[in-house]
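# Structure assessment
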Amino acid sequence: MGDVTVASLDGGQVELGSGELETFSGEFGGQLFVPGDPGYEDARAVWNAMVERRPALIARCTGPADVKRAVGFARSNGLLTSIRGAGHNIAGNALAEGGFTIDLSQLRIVEVDPASRTARAQPGATLGDLDAATQAHGLAVPVGINSTTGIAGLTLGGGFGWLSRKYGMTIDSLVSADVVTAGGETIRASESENADLFWGLCGGGGNFGVVTSFEFRTAAVGPEVLCGLIVHPFSDALPALEHYRQFAAAAPEDLTVWVVLRHAPPLPFLPEEVHGKKVLVFAFVYGGDVAPGEAAIRPLREWGSPHGEHVGPAPFAEFQKAFDPLLEPGARNYWKSHNFPGLVDGNLDAVLSYTELLPTMESEIFIAQMGGATNRVPSDATAYPHRDAEFIMNVHTRWEDAGRDAECIAWAREFFDATAPFATGGVYSNFVSEADDDSRVEASFGGNYARLLALKERYDPDNFFRINQNIRPGRDMRA
């Protein structure tokens, strides 16, 4: 490996000589990639094709010792550094243009202790990895809904999915984390050790260090759960949403029902003439026993005249993959998101008006049902503050042709503005597309921002970890 020029933390460049790189390579147990190397293009590929960044150097780690070495090397040389988990983050925070990427994607081991009902996951593990390991013992952690999402980014942003109404956010199941700090120290954070840092990791993103191990409490779930999809014609969308609003208010916490508005994919249980037509989909999981689940979902199943449904007991780990075909890597994606305290009439009108204008066949609007256990935690108990959200909406714009970027982004932003009057003002940080949007970063941390800022100034005063939903130390919060 010859000399490499890497972007620096001060905005300039650092020349790394071949001798320095050889020394680092000799101490580092994993692979190093520079542009032009075999494997470099795969190493820099991330889920969102809109993110086109080329790190000057990628260090693919084999374990925590490699992470510590890589952080120390980057810090001592003043390198602009990003941390890559599974590479699923919408804003592309896994990569630093011209910088140094510490790649954790190969660290995917998940270990489950069924006696203590805990699971320990490495930072490159996906939700699919965690589900497979825990479900082998009839256990689960409340995580997201796409099996290729990385557990690290999901957890550090808060994390929610089908089981959250019953068991809370992903962070509400976090027991401890092993962290490499900006100073190169390895420490454990939990409610009893470095409790302030643990609080910050529970929703504060990647601002405070690199987590090399996550320990979770698990709950008894499945392996089979009652779950499925109910697909209604878009012409019935308004009364369907009005019915859903009433149904959701009385739903037991074992039951979670999300709404998806999109063009119908070619699902085998739908008539062929429905494929490609706009539809409203109720997607649900009942996390308890099947018999009470059937009773709980019956009022929704018996309403209206759906195009079709696919409902019944199924392995939870398999239903966790149900949306994977709609979220394959390689497409261009742009998201906008709101938290809602409820679904009022004007909001429903705006949602349906913009569904009429979906810019592509792949774009969708989903409304996630929250409440339950997610709202029983005080807003300042974790860095994630949005314990008042009853629904989270994500405007998921997806397309293939780069020539349509402006059109698709404009649609999402206009929709976002139209629904803003009905929102709480908060946002789930993992849904923020623009990595440098300070206003949305502050909104994602809400009333906890000042405490997070103080924590950042303690653990990372030089903002070494900055390629993230960044909390910038030294910012005057009085302005």
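First, a word on scope: everything that follows refers to the structure included in this document. (Residues numbered from 1 in each chain as written. Predicted model: local features only at pLDDT ≥ 70, side-chain atom pairs only at ≥ 80, totals over all residues. Heavy atoms only, no water.)

Turning to the overall build of the protein, a few remarks are in order. Each helix and strand counted, the protein has 14 helices and 20 strands in total. Taking 23 Å as the expected radius of gyration for a compact globule of 479 residues, we find that the protein reaches 22 Å, a close match to that expectation. With the C-alpha coordinates of the protein rotated into their principal frame, the extents come out at 70 × 55 × 50 Å. Contacts in the protein between residues far apart in sequence, at least 24 positions, make up 73% of those at least 6 positions apart. Accessible surface for the protein amounts to roughly 17800 Å². Of this, 50% is attributable to carbon and sulfur atoms. Taken as two groups, the 37 positive and 61 negative side-chain charges of the protein have centres that lie 2 Å from each other. (Helix = DSSP H or I, 4+ residues; strand = E, 2+ residues; numbered from the N terminus. Rg over C-alpha atoms; globule rule 2.2 N^0.38 Å. Contact = heavy atoms within 4.5 Å. Areas by Shrake-Rupley, 256 points an atom, 1.4 Å probe, with all protein chains shown as cover. Lys, Arg positive; Asp, Glu negative; His and termini not counted. Charge placed at Lys NZ, Arg CZ, Asp CG, Glu CD.)

Sheet strands pair by backbone hydrogen bonding; their relative direction is either parallel or antiparallel. Here we have five strands laid out as an open sheet, ordered β7-β8-β12-β10-β11, and antiparallel in their pairing. With one partner strand each, in any of the chains shown, β7 (110-113) and β11 (186-190) form the two edges of the open sheet. Averaged over all neighbouring strand pairs, the angle between strand axes comes to 15°, with direction disregarded. Bridge analysis of strand β10 (residues 174-180) against strand β12 (residues 210-217) gives six bridges, and the strand direction is antiparallel. Its bridge partner lying in β12, V179 is registered against V211. Of the strands in this sheet, β10, β11 and β12 touch helix α3 (residues 64-77), which is tilted by about 140° from β12. (Pairing = 2+ DSSP bridges. Axes fitted to C-alpha atoms, helices over the stretch in contact; angles between N-to-C directions.)

What follows covers the environment of F316. Assignment of secondary structure puts F316 in helix α10 (residues 316-319). According to the relative accessible area criterion, F316 is buried, its value standing at 2%. Residues F316 and E15, spaced 301 residues apart in sequence, show a C-alpha to C-alpha distance of 50 Å. Here F316 is in contact with D131, Q135, A140, W162, L163, V221, P223, E224, V225 and V285, once residues within four sequence places are set aside. (Buried < 20%, exposed > 50% of the residue type's maximum accessible area, 1.4 Å probe, protein only.)

Turning next to unusual backbone geometry. With omega at 10°, the peptide bond leading from G222 into P223 counts as cis. Counting through the fold element by element, P223 comes out in the loop between β13 (219-220) and β14 (224-233). Phi at R117 is positive, roughly 55°, even though this residue is not glycine. Tracing the chain through its elements places R117 in the loop between β7 and β8 (118-121). A relative accessible area of 42% means that R117 is categorised as partly exposed.

Here the focus is the sheet that holds strand β4 (residues 57-60). On the basis of which strands lie adjacent, the open sheet formed by four strands has the order β3-β4-β6-β5 and mixed pairing. Edge positions in the sheet fall to β3 (31-33) and β5 (81-84), since each has one partner strand and no second. This sheet shows a mean twist of 20° between the axes of neighbouring strands, independent of strand direction. Summarising the sheet, β3 and β4 pair through three bridges and their orientation is antiparallel.

Before going further, it helps to spend a moment on the pattern of salt bridges. By the definition in use, this model includes 23 salt bridges. Across the pair D196 and R458 runs a salt bridge whose closest N-O atoms are separated by 2.2 Å. Residue D196 is found in helix α7 (residues 195-201), and its partner R458 is found in helix α14 (residues 449-459); the two are separated by 262 residues along the sequence. For D196, a relative accessible area of 21% corresponds to the partly exposed category. Put simply, E41, R44, E52 and R54 are held in one network by salt bridges that share partners. (Salt bridge = Lys/Arg side-chain N within 4 Å of Asp/Glu carboxyl O.)

Right, let's talk about the nonpolar core for a bit. In this structure, I151, F160 and W162 are the most contacted members of the largest nonpolar core, which totals 75 residues. The element best represented in this core is α14, accounting for five residues. Contact partners of F160, with chain neighbours within four places excluded, come to V143, G144, M169, T170, W258, A368, M370, I392, Y428 and F431. (Core = buried A, V, L, I, M, F, W, Y, C linked by side-chain atoms within 4.5 Å.)

Attention now goes to the pairing of strand β6 (residues 100-103). Burial along β6 is two-sided: F100 and I102 facing one way and T101 and D103 facing the other are all buried. Bridge count for β4 against β6 is four bridges, and the pairing is parallel. Each bridged residue has a counterpart across the sheet, and for A59 the counterpart in β6 is I102. Where β5 and β6 come together, four bridges link them in parallel fashion. Paired with S82 across the two strands is T101, which belongs to β6.

The N-to-C vectors of helix α11 (residues 345-355) and helix α12 (residues 405-419) enclose an angle of 165°; their axes lie 9 Å apart at closest approach. Compared by their axis directions, α11 and α12 come out roughly antiparallel. Considering the relative orientation of α11 and α12, their crossing is right-handed. On α12, the residues that touch N347, A350, V351 and Y354 of α11 are W411, E414, F415, A418 and T419. Tallied by class, the residues present in the contact of α11 with α12 amount to six nonpolar, two polar and one charged. (Parallel < 35°, antiparallel > 145°, perpendicular 65-115°, else oblique. Left-handed = near helix turned anticlockwise from the far one by under 90°. Nonpolar A, V, L, I, M, F, W, Y, C, P; charged D, E, K, R; others polar.)

Right, let's get into the environment of M370. By the secondary structure assignment, M370 is in the loop between β19 (364-369) and β20 (391-399). C-alpha separation for the pair M370 and F391, spaced 21 residues apart in sequence, amounts to 5.2 Å. Aside from chain neighbours lying at most four places away, what touches M370 is F160, R165, M169, A389, E390, F391 and I392.

Using the criterion set out here, one finds 23 aromatic pairs in the structure. Centre to centre, the rings of F24 and F73 are 4.1 Å apart; their planes meet at 5°, and the pair counts as stacked. Here F73 lies in helix α3 and F24 lies in helix α1 (residues 18-27), a separation of 49 residues in the sequence. Here F24 falls in the buried class, since its relative accessible area comes to 3%. Relative to F366, the ring of W258 lies with its centre 5.4 Å away and its plane at 15°, an arrangement referred to as stacked. Linking W258 in strand β15 (residues 255-263) with F366 in strand β19, this pair joins segments that are 108 residues apart in sequence. Residue classification places W258 among the buried positions, given a relative accessible area of 3%. For F366, a relative accessible area of 10% gives the class buried. (Phe/Tyr/Trp six-rings, centres within 6.5 Å; stacked < 30°, edge-to-face > 60°.)

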